[in-house]
Amino acid sequence: MLGRLRARLGALRTEVRETLGTTAARAPEGPRGPVTAAAPPQGRTQDAAATPRNPSAGPPPAVLHADTASTTRDAYVARARAAGRPLVPLAGPGRNVAADGTPFHGPLDNESSRAKVAGHVLTVDPAVCIACGTCVEHTDHVFQLPDDGTAIPRVQDGPMDLVQDAIDACPVTCIAWVPPDEVQARGLTAG
């Protein structure tokens with residue numbers, strides 16, 4: 001039975017590589033096996049403003065994506081595709097302004113990118129954190145989980161899509177952007 005499962009896994013890897021148009025070279029090994037970088041299927045554009053995939057056209061191709069640190073437009077697009085999210089228009093790097101006039105940081109307009117421009121600090125409440133590691137799974141570039149403690153934001157900058165995903169996925173909602181004067185007063189940890 002194990003032999004059949006390995007053979008099927010190998011066939012699926014080959015199918016993913018062919019679908020993504022990757023080279024025949026062996027993919028780098030990750031903690032869960034080979035890692036295939038997300039790339040658009042041939043004939044698709046990298047532009048984030050592209051029309052989303054038609055759901056009636058069948059399921060999207062399986063994509064594995066291991067980039068948890070890059071803040072380039074291409075990385076945001078690749079992560080959106082890998083997660084099956086709709087592609088939204090992306091701005092350029094640095095400070096941008098949303099349609100409603102609110103400034104935001106980086107190419108993606110979300111709560112985290114708006115809080116960063118407002119001067120807020122990414123924090124974890126150690127009194128509430130249960131050290132589950134969900135935030136680290138979303139982006140180990142931004143969060144770390146020491147063996148003997150609770151999660152800590154390592155940096156205040158990073159992929160705002162993954163930072164927001166970590167905030168939204170935290171089971172005890174201990175990650176937040178707060179004004180700088182509240183960090184020490186509330187006993188929060190910040191990177």
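For every chain, the first residue of the written sequence is number 1, and numbering continues from 1 along that sequence. Only residues with pLDDT of at least 70 are given local features in this predicted model, and only at 80 or more are side-chain atom pairs given and counted; all residues enter the totals for whole chains, interfaces and linings. Calculated side-chain values reflect all of the structure's heavy atoms, with hydrogen atoms and water omitted.

Visitor: Lay out the overall build of the protein chain with the relevant residues and their values.
Guide: Broken down by element type, the protein chain carries six helices and nine strands. Each residue gets one of three labels from its accessible area relative to the maximum for its type: buried under 20%, exposed over 50%, partly exposed in between, using a 1.4 Å probe on protein chains only. In the protein chain, which comprises 191 residues, the proportion classed as buried is 34%. Numbering of helices and strands runs from the N terminus, with a helix taken as a DSSP run of H or I at least four residues long and a strand as a DSSP run of E at least two residues long.

Visitor: Lay out helix α5 (residues 160-169) in plain terms, naming residues and giving numbers.
Guide: Among the ten residues in α5, eight count as buried, and that is most of the element. Inspection of α5 places Met160, Asp161, Leu162, Val163, Gln164, Asp165, Ala166 and Ile167 among the buried residues, and these make up the whole buried set.

Visitor: Explain the nonpolar core to me, and be specific about the residues and the numbers.
Guide: A general feature of soluble globular proteins is that nonpolar side chains tend to end up buried together. Take the buried Ala, Val, Leu, Ile, Met, Phe, Trp, Tyr and Cys residues and link them wherever side-chain atoms come within 4.5 Å; each set so joined is a nonpolar core. Core analysis: the biggest nonpolar cluster contains 22 residues, and Leu122, Val124, Phe143, Ile175 and Trp177 have the highest contact counts within it. Looking at this core, the elements that each hand over two or more residues are α2 (73-83), β5 (121-124), α5 and β8 (175-178). Counting residues per element, this core draws most heavily on α5, which supplies four residues. With sequence-adjacent residues up to four places away left out, Ile175 is seen in contact with Leu122, Thr123, Val124, Cys135, Phe143, Ala166, Ile167 and Cys170. Here, residues are in contact when the closest pair of their heavy atoms is within 4.5 Å.

Visitor: Could you give an account of the environment of Ala169, naming the residues involved and the relevant values?
Guide: Within the element layout of this structure, Ala169 appears in helix α5. Along the sequence, Ala169 and Cys135 sit 34 residues apart, while their C-alpha atoms lie 7.6 Å from each other. Sequence-distant contacts of Ala169, that is, excluding residues within four places in its chain, are made with Thr134 and His138.

Visitor: How would you explain the side chain of Asn96 if you had to name every residue and give the values?
Guide: Looking at where Asn96 falls in the secondary structure, it is placed in strand β3 (residues 95-97). The exposure class of Asn96 is buried, given its relative accessible area of 14%. For Asn96, the side chain forms a polar contact with the main-chain oxygen of Gly94, separated by 3.2 Å. A distance of 2.8 Å separates a polar side-chain atom of Asn96 from the backbone oxygen of Gly106. For Asn96, the contacting residues outside a window of four places in its chain are Ala91, Thr102, Pro103, Phe104, Gly106 and Pro107. Pairing of N or O atoms within 3.5 Å defines a polar contact, subject to two protein rules: one partner must be a possible hydrogen donor and the other a possible acceptor, and residues neighboring in sequence count only if both atoms are side-chain atoms.

Visitor: Describe the pattern of salt bridges, listing the residues and the values that go with them.
Guide: Counted as salt bridges are all cases of a side-chain nitrogen of Lys or Arg within 4 Å of a carboxyl oxygen of Asp or Glu. Enumeration over the complete set of coordinates arrives at five salt bridges. Across the pair Asp100 and Arg114 runs a salt bridge whose closest N-O atoms are separated by 3.2 Å. On the criterion of sequence distance, the pair formed by Asp100 in the loop between β3 and β4 (103-105) and Arg114 in helix α3 (residues 111-117) is long-range, its members being 14 residues apart. For Asp109, the salt bridge goes to Arg114, with nearest N and O atoms at 2.7 Å. By relative accessible area, Arg114 is classed as partly exposed at 25%. Here the salt bridges do not stand alone but share partners, grouping Asp100, Asp109 and Arg114 into one network.

Visitor: So what's going on with α2? Which residues, and what values?
Guide: Ala75, Tyr76, Val77, Ala78, Arg79, Ala80 and Arg81 are the residues of α2 that are buried. Along its buried surface, α2 packs onto α5.

Visitor: Let's hear about unusual backbone geometry: which residues, and what values?
Guide: Positive phi values are uncommon outside glycine, yet Ala131 reaches one of about 55°. Within the fold, Ala131 resides in the loop between β5 and α4 (134-138). One non-glycine residue with positive phi stands out, namely Thr173, at about 45°. Note on placement: Thr173 falls in the loop between α5 and β8.

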